[in-house]
Amino acid sequence: MSEELKRRIGNLPREEWTDAAREVFAFWGEPDAWENGSKTNMSMVLANHPPLANAYHTFGKHLLLASTIAVRPRELIVLRAAWRQKCQYEWHYHVGYGLKAGLTMEEIAAVRDGWQSPVWDGKDEDRAVLRAVDELIDTSRMSDETYAALSAHFGKEQLMDFVFTVGNYVMLGWAIATFGVPVEDGVDPIGFDLKTRSGAAPGEKSRPLETN
């Protein structure tokens, strides 16, 4: 997918690195990011608009690290949203995050098939999560039946975080596709077939600000 992207907004050139831009680079705690920039293309693209970037990063930090939703269902949300939008950038990173959250390769593969896959038999919460993601993307709302199924596992704050998490990763997918943000050159990209370019098996990956 990354090869098909047309780069409309590139990484911020070094000659345009202001202190405000450096705050964007350093937001996620990368070593030496203030001096040398972020290693992630998304942060380097967002640095073209520091006020937007810092506001978005603050929102994203809550959803990624402080959400009331447990990590496993959170990663199911992101992976399903990434698959629905065919956003390889999100898919690549969240396969690793999902593995660390306890998802199996079989389950991650089944995310592509959606909530009706037999892999989710006996896993009512996972099935409700995937169904709710699809309904929000397809209809911009959640049916009473799906909301009730999700409410059996999630409380009020979790339901609120759920809707905003789906919306966030759909919005991020729009930005990645519209601006043309590719997966970084230095990584071994994970395709939607769950194979890497090198042939190595995907492995666990820590989220930003999280230690192994």
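What counts as what
Residues numbered from 1 in each chain as written. Predicted model: local features only at pLDDT ≥ 70, side-chain atom pairs only at ≥ 80, totals over all residues. Heavy atoms only, no water. Patch = residues over 30% accessible without salt bridge, like charges linked within 9 Å, V, L, I, M, F, W, Y side chains within 5 Å. Areas by Shrake-Rupley, 256 points an atom, 1.4 Å probe, with all protein chains shown as cover. Salt bridge = Lys/Arg side-chain N within 4 Å of Asp/Glu carboxyl O. Helix = DSSP H or I, 4+ residues; strand = E, 2+ residues; numbered from the N terminus. Axes fitted to C-alpha atoms, helices over the stretch in contact; angles between N-to-C directions. Parallel < 35°, antiparallel > 145°, perpendicular 65-115°, else oblique. Contact = heavy atoms within 4.5 Å. Nonpolar A, V, L, I, M, F, W, Y, C, P; charged D, E, K, R; others polar. Core = buried A, V, L, I, M, F, W, Y, C linked by side-chain atoms within 4.5 Å. Buried < 20%, exposed > 50% of the residue type's maximum accessible area, 1.4 Å probe, protein only. 1 Å grid on protein atoms, 1.4 Å probe; cavity = no way out; pocket = protein on both sides within 12 Å on 5 of 7 lines; lining within 4 Å. Points joined across faces, edges and corners; volume = space filled by probe spheres on them.

A look at a nonpolar patch on the surface
And step 1. The grouping of F59, V163, F164, M171 and W174 at the surface amounts to a nonpolar patch, some 510 Å² of accessible area in total.
And step 2. The leading source of residues in the nonpolar patch is helix α10 (residues 156-179), at 4 residues.
And step 3. Residue position: W174 is located in helix α10.

Examining the packing of helix α6 (residues 88-100) against α10
And step 1. Relative orientation of the contacting elements α6 and α10 amounts to 125°, with a least axis distance of 9 Å. With respect to α10, the element α6 is oriented oblique. Contact residues: α6 offers Y89, E90 and H94, while α10 offers Y169, L172, G173 and I176.
And step 2. Classifying every residue of the contact of α6 with α10 gives 4 nonpolar, 2 polar and 1 charged.

Some words on the nonpolar core
And step 1. Residues W91, V95, I108, L150 and F162 are the most contacted members of the largest nonpolar core, which totals 32 residues.
And step 2. For this core, the secondary-structure elements that each account for two or more residues are α5 (71-85), α6, α7 (105-111), α8 (124-139) and α10.
And step 3. For this core, the leading source of residues is α8, giving 6 residues.
And step 4. The contacts of W91, once residues within four sequence positions are left out, are L79, A82, W83, I108, V111, R112, I190, G191, F192 and L194.
And step 5. Of all hydrophobic cores here, the second largest spans 26 residues; its members include A33, M44, L64 and Y97.

Structural notes on the layout of surface pockets
And step 1. In this structure, the largest pocket spans a volume of roughly 720 Å³.
And step 2. Residue lining of the largest pocket: 26 residues in total, with W28, T40, Y93, Y97 and P208 positioned closest to the centre.
And step 3. At the level of elements, α3 (41-46), α4 (50-66), α6 and α10 are the ones that each hand at least two residues to the lining of the largest pocket.
And step 4. For the lining of the largest pocket, the residue count by class is 13 nonpolar, 8 polar and 5 charged.
And step 5. Space inside the second largest pocket adds up to approximately 170 Å³.
And step 6. Forming the boundary of the second largest pocket are M42, L46, L52, Y56, M171, L172, A175 and F179.
And step 7. Looking at the lining of the second largest pocket, the elements with two or more residues in it are α3, α4 and α10.
And step 8. Of the residues assigned to the lining of the second largest pocket, the class counts are 8 nonpolar, no polar and no charged.

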